[in-house]
Each structure stands twice: as structure tokens, then as C-alpha cells.
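Examining the three-dimensional arrangement
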Amino acid sequence: MALPSLVDVNKPDGKHFTVCGDVHGQLNGLPSEDNPYLFNGDFLVRGSFSVEVILTLFAFKCMSPSAIHLSCGNHESKSMNKIYGFEEVFCYLPLAHVINEKVFVVHGGLFSTDGVKLSDIRAIDRFCEPPEEGIFC
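The present account deals with the structure reproduced in this document. (Residues numbered from 1 in each chain as written. Predicted model: local features only at pLDDT ≥ 70, side-chain atom pairs only at ≥ 80, totals over all residues. Heavy atoms only, no water.)

Turning to its location among the elements, G108 is positioned in the loop between β6 (103-106) and α3 (118-122). Residue class for G108 comes out exposed when judged on its relative accessible area of 71%. Considering only alpha carbons, one finds G108 and G73, 35 residues apart in sequence, at a separation of 7.1 Å. (Helix = DSSP H or I, 4+ residues; strand = E, 2+ residues; numbered from the N terminus. Buried < 20%, exposed > 50% of the residue type's maximum accessible area, 1.4 Å probe, protein only.)

See the structure below:
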């Protein structure tokens, strides 16, 4: 089942929450209920253990869904991941997360157009290749 394009995450006061960017087939540290992780895209492509890492992260997500959050990066397109056999799977990952209604986490930075609202991100149909323009490019 696909998650929404924008996921709201609530971090309890006093709890740790680790945000990791650009995994690229390397994994340092593991998520737990006491220290949830948000892996912010770019799981495959350059690392020596890309497939092993993403399969480990998917297994963690199945075992403990509230301890791990995964978002899609710019390397998670269908065409880039065809060689790994992951053509469709990354379409199911969210594009962004908001932590405690205060921290916006998105891979690849902000948008080229002004005035983008969280509701615009929530409405993105991400089950396609990223377009050449717009907020999902």
C-alpha cells in the first residue's frame, strides 16, 4: 500500500529522531522504537551494497513501521533503478515528510516556483516518471 506523497511524523518530546540523507548503499546505524530514522532518498545507484541496504530498510519497515520512514530521492526513478529490478517500488515512497508540524524534509531541495503549499505536495501523483517542470521535477 502506498503512503501519501507527504507524511506527517510526530516525534515525542525528549525522544531522538535521526534524519539520514543520500544513503547510496551505505548504512551506518540502525533504527529502533527509541531512535526512529528517516532515510531521505538516494538508496541505490552508487554504493557497493545498494541492493542489500534497500532490502534491509524494507525489512525494517515491515518489522517496525513507526521506527523507520523512507522517502524518495532523485535517484529513485523507474529508469534509473531498472537494472536493480526496482522499477516500480519507489513510486510507493513519499516525496517529503513534516516532523512535528515544524520541520520539512525533502530530498533535493525546495521548488523552482514560489508559493508551493504542503497541500500541493499532498496532491502530487507520483506514479510516473518525474516531469521536466513543475513541483515534482
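This paragraph deals with the packing of aromatic side chains. A full pass over the atoms with the stated rule returns two aromatic pairs. With centroids separated by 6.3 Å and ring planes inclined at 40 degrees, the aromatic side chains of F58 and F90 adopt a geometry described as tilted. Placement of F58 in helix α1 (residues 50-63) and of F90 in the loop between α2 (78-81) and β5 (96-99) is noted, with a sequence separation of 32 residues between them. Summarising the burial analysis for this pair, F58 and F90 share the class buried. (Phe/Tyr/Trp six-rings, centres within 6.5 Å; stacked < 30°, edge-to-face > 60°.)

What follows is about the pattern of salt bridges. With the rule as written, the count across this model stands at two salt bridges. Here D8 makes a salt bridge to R122, at a shortest N to O gap of 3.1 Å. Here D8, found in strand β1 (residues 6-9), pairs with R122, found in helix α3; they are 114 residues apart in sequence, far enough to count as distant. With relative accessibility at 39%, the residue R122 sits in the partly exposed group. D34 is the salt-bridge partner of K15, the closest N and O atoms lying 3.4 Å from each other. Taken together, the residues span a long stretch of sequence, with K15 in the loop between β1 and β2 (18-21) and D34 in the loop between β2 and β3 (37-40) at a distance of 19 residues. (Salt bridge = Lys/Arg side-chain N within 4 Å of Asp/Glu carboxyl O.)

Residue alternation in β3 divides its side chains into two sets, Y37 and F39 and L38 and N40, and both sets are buried. Relative to strand β4 (residues 68-71), β3 runs parallel, the two sharing four bridges. Each bridged residue has a counterpart across the sheet, and for F39 the counterpart in β4 is L70. (Pairing = 2+ DSSP bridges.)

Before going further, it helps to examine the nonpolar core. If you look at the biggest cluster of nonpolar residues, it comprises 23 residues, and the most contacted ones within it are F39, F43, I54, L57, L70 and F90. The set of elements that each furnish at least two residues to this core consists of β3, α1, β4 and β5. Of the residues forming this core, the biggest block, five residues, is contributed by α1. Aside from chain neighbours lying at most four places away, what touches F39 is C20, V23, L27, P31, L57, I68, H69, L70 and S71. Membership of the second largest hydrophobic core comes to six residues, among which are V7, F17, L38 and I99. (Core = buried A, V, L, I, M, F, W, Y, C linked by side-chain atoms within 4.5 Å. Contact = heavy atoms within 4.5 Å.)

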